[in-house]
Amino acid sequence: MRNIMRFVSDIQKLIEDQFGPAKKYASGTLLFNEDEPLGEIFYLLEGQMKIIRSGPNKEMILWYSEPGEFIGISSLFDNSQVHSSTAEVIGSSASLVKLDKKAFLNLLETHSDIQKDITKRLCRKIKLTEMRIFSSSHQSIRARLIDTLIFLAQQNHNESIKKSNKTMIVKCTEKMISDLSGISHKPLNKLLSEFEINNLLRVEESQIIIGDYERFLSAK
Amino acid sequence: MNDIAIPNCTICDNQNKLFCGLTPDHREYFSQNKGKNVYMKGQVIYYEGNYPNGLFCIFRGKVKISKIGQEGKEQILNFAGNGETLGYRALLNDEPYNATATAMEDSHICQLSRNAFMNTLDTSSCLSRNMIELLSKDLKDSERRLMNLSQKPVKERVAEALTILMKQFGFKEDGKTLDTTLTRREIGEIAGITTETTIRTLSEFNKEKLIKLEDKKISLLDIKTLTHMARAYELN
């Protein structure tokens, strides 16, 4: 856990030194829109972003980006000329560093640790998306909620805690859980209360504490 | 099928995107650190929940990647064919497989050792870059499927499943009949709908002369319309 945090701060320092300073973006700012030509890459230093894709009926939140992420890179690597999603700042504000494509690719060539970090983050996003594909047609809402909370915990770098079977802290809002799991407000609240009564978790302001990972997982 | 000889990685004719651009030395290193197996039709290559020992690379064959739900219902997440690799995400993250891989026909598959793959990833920026490209494509594919499953109507989803099969398996010699004998249940598992709905929708397509059904065989008669339907709700 400490190593991951140190690694993220090392990269942050490197990027700020080479490409900074960071700029603050207000909540609601769109860094880029779906179908817009690829422009700069952004590195998220502080705050949170939501990545959205529009559909025929409604938009869908694909994921929430956390500090330490490069935003807008997936279209760069699959040779598309346009962004496949929209990136919007949420929360109070976000600090981001802008890099041009060439500088970003040079950074990758010279820093294998950054390549590895991007690889791991891509793997996690694919896992979440596949989980949502599977959940949407095969899982009960109870299982969907459990999967979503575990995923969010992993995104918060709780991997090491999970393996030692101890407490997991999931930093999230109810809206985030609802957007990712597809469970609407009322049944979500009902389920969270049920889980709380059964001592599976504890809901606090902007975070959920899961006491025992294995027990929580078996509640599916 | 068992007679097929799997060549050395330096002369393999498969266009593997992951290994594209690797030096002959790296390819030779892979050859020296791989095992070769034949998996019979229906045989599981790896199970969801198991930890990976290496990277699978399909020399000849077809594989489906799927997950089993609480009531035993299967969801097909993806297919893989000649030259494609399997199990790299579990290997990269040192975590259990997220899904099960099953041979759909007798398949010749190489297994590169975990150490050989991870060592090369550490030393080859070309392999690292290819890996990011492959994962970026995987991510977009899965995002598109998620959008489709949650927002696309049933007929369009079945049309999409047929176009996926067309791209993945191709046609028999007549240029119309899909070169696969997937069951109606399995087609439903791709589209994320029940077997009954799949049968009903295919029957409607048959009546509309978009396809021709003959026993298990499906011939695509109007690929243009099917492709148009499959893409009707997609933005890019």
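Right above here is the structure, for reference.
Residues numbered from 1 in each chain as written. Chains lettered and ligands numbered in written order. Predicted model: local features only at pLDDT ≥ 70, side-chain atom pairs only at ≥ 80, totals over all residues. Heavy atoms only, no water.

Caption draft 1: View of the overall build of chain A. A count of helical and extended segments in chain A gives nine helices and nine strands. The buried share among the 220 residues of chain A stands at 53%. At a minimum sequence separation of 6, the contacts of chain A that also span at least 24 residues come to 72%. Counting every atom, chain A has about 10,000 Å² of accessible surface; 50% of that belongs to carbon and sulfur. (Helix = DSSP H or I, 4+ residues; strand = E, 2+ residues; numbered from the N terminus. Buried < 20%, exposed > 50% of the residue type's maximum accessible area, 1.4 Å probe, protein only. Contact = heavy atoms within 4.5 Å. Areas by Shrake-Rupley, 256 points an atom, 1.4 Å probe, with all protein chains shown as cover.)

Caption draft 2: Up close: the pattern of salt bridges. Throughout the structure, instances matching the rule amount to 19 salt bridges over all chains. As a salt-bridge pair, A:Lys127 and B:Glu95 come within 3.5 Å of each other at their nearest N and O atoms. A residue pair is termed interchain when its members come from two chains, as with A:Lys127 in helix H4 (residues 112-138) and B:Glu95 in the loop between helix H2 (88-93) and strand E7 (100-103). For the salt bridge of B:Arg89 with A:Glu130, the shortest nitrogen-to-oxygen distance reads 2.9 Å. With one member in each of two chains, B:Arg89 in helix H2 and A:Glu130 in helix H4 form a pair that bridges those chains. Each of B:Lys137, B:Asp141 and B:Arg144 takes part in salt bridges that share partners, so that together they form one network. (Salt bridge = Lys/Arg side-chain N within 4 Å of Asp/Glu carboxyl O.)

Caption draft 3: Structural context of the state of the cysteines. All names here are of chain B. All told, the structure shown has zero disulfides over all chains when counted by the stated rule. Cysteine Cys 9 is unpaired, with the sulfur of Cys 110 as its nearest cysteine sulfur at 6.0 Å. According to the relative accessible area criterion, Cys 9 is buried, its value standing at 15%. Cysteine Cys 110 remains unbridged, with the sulfur of Cys 57 as its closest cysteine sulfur at 6.0 Å. Judged by its relative accessible area of 7%, Cys 110 is buried. (Disulfide = S-S within 2.5 Å.)

Caption draft 4: Region of the structure containing the side chain of B:Thr198. Checked against the element boundaries, B:Thr198 lands in helix H7 (residues 195-207). When sequence neighbours within four positions are dropped, the list of residues in contact with B:Thr198 reads B:Arg184, B:Ile187, B:Gly188 and B:Ile193.

Caption draft 5: Structural detail: the nonpolar core. A:Phe70, A:Ile71, A:Phe104 and B:Phe117 are the most contacted members of the largest nonpolar core, which totals 84 residues. Excluding anything up to four places from it in sequence, A:Phe70 contacts A:Ile15, A:Ile41, A:Phe42, A:Tyr43, A:Leu99, A:Phe104, A:Leu107, A:Ile114 and A:Ile118. With 25 residues, the next largest nonpolar core counts B:Val158, B:Leu210, B:Ile211 and B:Leu220 among its residues. (Core = buried A, V, L, I, M, F, W, Y, C linked by side-chain atoms within 4.5 Å.)

Caption draft 6: Summary view of the sheet that holds strand E8 (residues 107-113) of chain B. Residue and element names in this part refer to chain B. A sheet is described by the order of its strands in space; here four strands give the open sequence E1-E8-E3-E6, paired in antiparallel fashion. Strands with a single pairing partner mark the edges of an open sheet, and in this sheet they are strand E1 (34-39) and strand E6 (85-86). With six bridges joining them, E1 and E8 adopt antiparallel strand pairing. Across the sheet, Asn 37 pairs through a bridge with Ile 109, a residue of E8. Each of strand E3 (54-60) and E8 touches helix H3 (residues 114-123); the most contacted strand, E8, lies at about 65° to it. (Pairing = 2+ DSSP bridges. Axes fitted to C-alpha atoms, helices over the stretch in contact; angles between N-to-C directions.)

Caption draft 7: Representation of the interface of chain A and chain B. Contacts between the two partners involve 46 residues from chain A, matched on the other side by 39 residues from chain B. Both sides of the chain A and chain B interface together cover about 4,200 Å² of buried area, and 60% of this is carbon and sulfur. One can count three salt bridges joining chain A with chain B. The interface formed by chain A and chain B contains six residue pairs in polar contact (both at pLDDT 80 or more). Of all elements in the fold, only strand E3 (41-54), strand E4 (59-65), helix H2 (74-77), helix H3 (101-110) and H4 of chain A reach the threshold of two or more residues within the side of chain A that touches chain B. Counting residues per element, the side of chain A that touches chain B draws most heavily on H4(A), at 19 residues. Of the residues belonging to the side of chain A that touches chain B, the class tally is 15 nonpolar, 16 polar and 15 charged. (Buried area = accessible area lost by both parts, 1.4 Å probe. Polar contact = N/O pair within 3.5 Å; in protein donor to acceptor, adjacent residues only side chain to side chain. Nonpolar A, V, L, I, M, F, W, Y, C, P; charged D, E, K, R; others polar.)

Caption draft 8: Structural view of empty space enclosed by the protein. Within the structure shown, the criterion is met by five cavities of 30 Å³ or more. In this structure, the largest cavity occupies an estimated 220 Å³ of space. Those elements that provide at least two residues to the lining of the largest cavity are E4, strand E5 (70-71), H2 and H4 of chain A together with helix H4 (125-151) of chain B. The element best represented in the lining of the largest cavity is H4(A), accounting for four residues. Partitioned by chemical class, the residues of the lining of the largest cavity number nine nonpolar, seven polar and four charged. (1 Å grid on protein atoms, 1.4 Å probe; cavity = no way out; pocket = protein on both sides within 12 Å on 5 of 7 lines; lining within 4 Å. Points joined across faces, edges and corners; volume = space filled by probe spheres on them.)

Caption draft 9: How the structure looks around the packing of aromatic side chains. Applying the stated rule across the entire model yields nine aromatic pairs over all chains. Ring centres 5.3 Å apart and planes at 75° place the aromatic pair B:Phe79 and B:Phe169 in the edge-to-face group. Residue B:Phe79 is found in strand E5 (residues 74-80), and its partner B:Phe169 is found in helix H5 (residues 154-169); the two are separated by 90 residues along the sequence. Note on B:Phe79: relative accessible area 6%, which makes it buried. Joined through ring pairs, the aromatic side chains of A:Tyr43, A:Phe70, A:Phe77 and A:Phe104 make up one cluster. Against the face of B:Phe59 rests B:Arg60, its NZ or CZ located 4.2 Å from the ring centre. (Phe/Tyr/Trp six-rings, centres within 6.5 Å; stacked < 30°, edge-to-face > 60°. Lys NZ or Arg CZ within 6 Å of the ring centre and 35° of its normal.)

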